[in-house]
Amino acid sequence: MDKRVLSSGIQYQNLPESYVRPESERPRLSEVSECEDVPTIDLGCRNRRQIVEEIGEACKSYGFFQVINHGVPIEAVKEMAEVAHGFFKLPVEEKLKLYSEDPSKTTRLSTSFNVNKESVHNWRDYLRLHCYPLDKYVPEWPSNPPSFRERVTKYCKVVRELGMRIEEYISESLGLEKEYMRNVLGEQGQHMAVNYYPPCPEPELTYGLPGHTDPNALTILLQDLNVAGLQVLKDGKWLAVSPQPNAFVINIGDQLQALSNGLYKSVWHRAVVNVEKPRLSVASFLCPNDEALISPAQPLTQDGSAAIYRGFTYAEYYKKFWSRNLDEEHCLELFKNK
Ligand SMILES: O=C(O)CCC(=O)C(=O)O
């Protein structure tokens, strides 16, 4: 791709050939219906047991849920969204200073998913940041727009607190100590993908991101309020998840599927694009420490249930994940006990 990013100011009249999916892999948008019963968890509820039960149910049957009254200040969310838009509106030369196709780089602008591994590209640019510990990574973040570092720092801190709180609820919902996840996952990393999906001339033929699960523990997704695009797989059908004001979408990632011995689902999800408007989303990923040993929680196999997955370190898993294309077989399948 000689243009390297899509957000270059060029208006495409036709979808370039390298983005066109084979017929059998297309999104079939007319067959997608709205997810009418997105599990919505009110974290402001005083009844902890109720929160824990609702989260457990959502993790089992959907692998994702929405949270409201989550404690993240509206102002922090608004400022994050504004500065993300501001970044993608910068002149392309400015943005390209951060361009890299190397997944091991801790701050980079890139496009599609894994440009060097994939045969068909995705209609997305993304800014990928490592966010923990902040003092290590903030100095390498974009300094333009000028408020970028300050605003994103603020957002990262509050979102991390939210994620840690949700991990406690998830531990409890599995009948484990509330600190179980935190202890097993070690000092967790935090990454962010600021996804920018430009208007696309032929959305029926391509994806912003094809169906995938997240390789990490937990994802906290902020969706553009004005433009829908997220879809989740439920009982073999793709369902659209409309953005809700003041809500985050929480996805269970592969590591929680492994820790829960397959009880909780790492949800398959994808992002579709549209002709008219650009769409933005901000995904915050909580990632186990590289050294964390992931294996089904012992209390979940004490009754004689077989451990579905073998033990592995997160570093091993992450390397495997990025060595592949996004829409291949589920990466966790490669870690199953024979
Ligand atoms: O843009 C979205 O709604 C989904 C983003 C996503 O799945 C990701 O960044 O992994």
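Residues numbered from 1 in each chain as written. Predicted model: local features only at pLDDT ≥ 70, side-chain atom pairs only at ≥ 80, totals over all residues.

### Focus: the overall build of the protein
As a reminder, the rule being used: Put simply, DSSP marks the helices as runs of H or I at least four residues long and the strands as runs of E at least two long, and each gets a number from the N terminus on. Our radius of gyration is a C-alpha quantity, and the globule rule it is checked against amounts to 2.2 Å times the number of residues to the power 0.38. Whether a residue is buried, exposed or partly exposed follows from its count of other C-beta atoms within 10 Å of its own C-beta, namely 20 or more, 12 or fewer, or something in between, respectively; the C-beta atoms are built from the backbone. We call two residues in contact when their backbone-placed C-beta atoms lie within 7 Å.
What the protein contains, in helices and strands, is eight helices and 15 strands. Relative to its length of 338 residues, the protein is compact, with a C-alpha radius of gyration of 19 Å against a globular reference of 20 Å. The C-alpha extent of the protein, read off along each of the three principal axes, is 60 × 45 × 35 Å. Classification of the 338 residues of the protein by burial places 44% in the buried group. For the protein, contacts bridging at least 24 residues in sequence account for 77% of all contacts bridging at least 6.

### What about the sheet that holds strand 8 (residues 218-223)?
Under the convention used in this document: Note: two strands are recorded as paired if DSSP finds a minimum of 2 bridges between them. Simply put, an axis is a line fit to the C-alpha atoms, just over the touching stretch for a helix, and the angle between two N-to-C directions goes from 0 to 180 degrees.
Reading across the sheet, the eight strands line up as 2-3-11-8-13-6-5-4 and stay open at both edges, with mixed pairing between neighbours. With one partner strand each, in any of the chains shown, strand 2 (40-42) and strand 4 (107-111) form the two edges of the open sheet. Going across the sheet, the axis of each strand differs from the next one's by a mean of 25°, ignoring polarity. When strand 3 (residues 64-68) meets strand 11 (residues 248-252), the two strands line up antiparallel, connected through four bridges. Across the sheet, the residue bridging to phenylalanine 65 is isoleucine 250, located in strand 11. Packing of helix 2 (residues 74-88) onto the sheet brings it into contact with strand 5 (125-130), strand 6 (189-197), strand 8 and strand 13 (279-287), and relative to strand 13 it is tilted by some 115°. Relative to strand 8, helix 5 (residues 148-173) is tilted by about 130°, and along the sheet it contacts strand 6, strand 8, strand 11 and strand 13.

### Structural notes on the sheet that holds strand 1 (residues 33-34)
Read across the open sheet, the five strands follow the order 1-10-9-12-7; overall the sheet is mixed. A single partner strand is all that each edge strand has here, and the edge strands are strand 1 and strand 7 (209-212). Sheet topology places strand 1 next to strand 10 (residues 237-240); two bridges connect them, and they run parallel. Bridge pairing links glutamate 34 to alanine 240 in strand 10.

### As for the UniProt feature "domain: Fe2OG dioxygenase" (unreviewed entry) in the protein
To keep things clear, this is the line we draw: UniProt positions are given in the numbering used here, feature names are shortened, and annotations may be inferred rather than shown by experiment.
In the UniProt entry, the feature "domain: Fe2OG dioxygenase" (unreviewed entry) is given for residues 188-288. For residues 188-288, the end-to-end C-alpha separation is 5 Å, with 6% helix and 45% strand making up the annotated structure.

### Structural notes on the packing of helix 1 (residues 48-61) against helix 5
The criterion, for reference: Roughly parallel means an angle under 35 degrees; roughly antiparallel, over 145; roughly perpendicular, 65 to 115; everything else is oblique. Gly is put with the polar residues, along with every residue not named as nonpolar or charged; the nonpolar set is Ala, Val, Leu, Ile, Met, Phe, Trp, Tyr, Cys and Pro, and the charged set is Asp, Glu, Lys and Arg.
Relative to each other, helix 1 and helix 5 sit at 80°, their axes nearing to 8 Å. Relative to helix 5, the element helix 1 lies roughly perpendicular. For the pair formed by helix 1 and helix 5, the contact residues are Ile51, Val52, Glu53, Ile55, Gly56 and Cys59 on the first element and Tyr169, Ile170, Glu172 and Ser173 on the second. Its residues placed into classes, the contact of helix 1 with helix 5 shows six nonpolar, two polar and two charged.

### Some words on unusual backbone geometry
Put simply, tyrosine 132 and proline 133 share a cis peptide bond, and its omega is -5°. Inspection of the secondary structure assignment puts proline 133 in the loop between strand 5 and helix 4 (134-137). In this structure, arginine 28 takes a positive phi of about 45° despite not being glycine. The residue arginine 28 is located in the segment before strand 1 in this model.

### Describing the environment of glycine 208
The topology assignment puts glycine 208 in the loop between strand 6 and strand 7. Overall, the presence of 26 C-beta atoms within 10 Å leaves glycine 208 in the buried class. Put simply, glycine 208 and proline 139 are 69 residues apart on the chain and 29 Å apart in space, counted from C-alpha to C-alpha.

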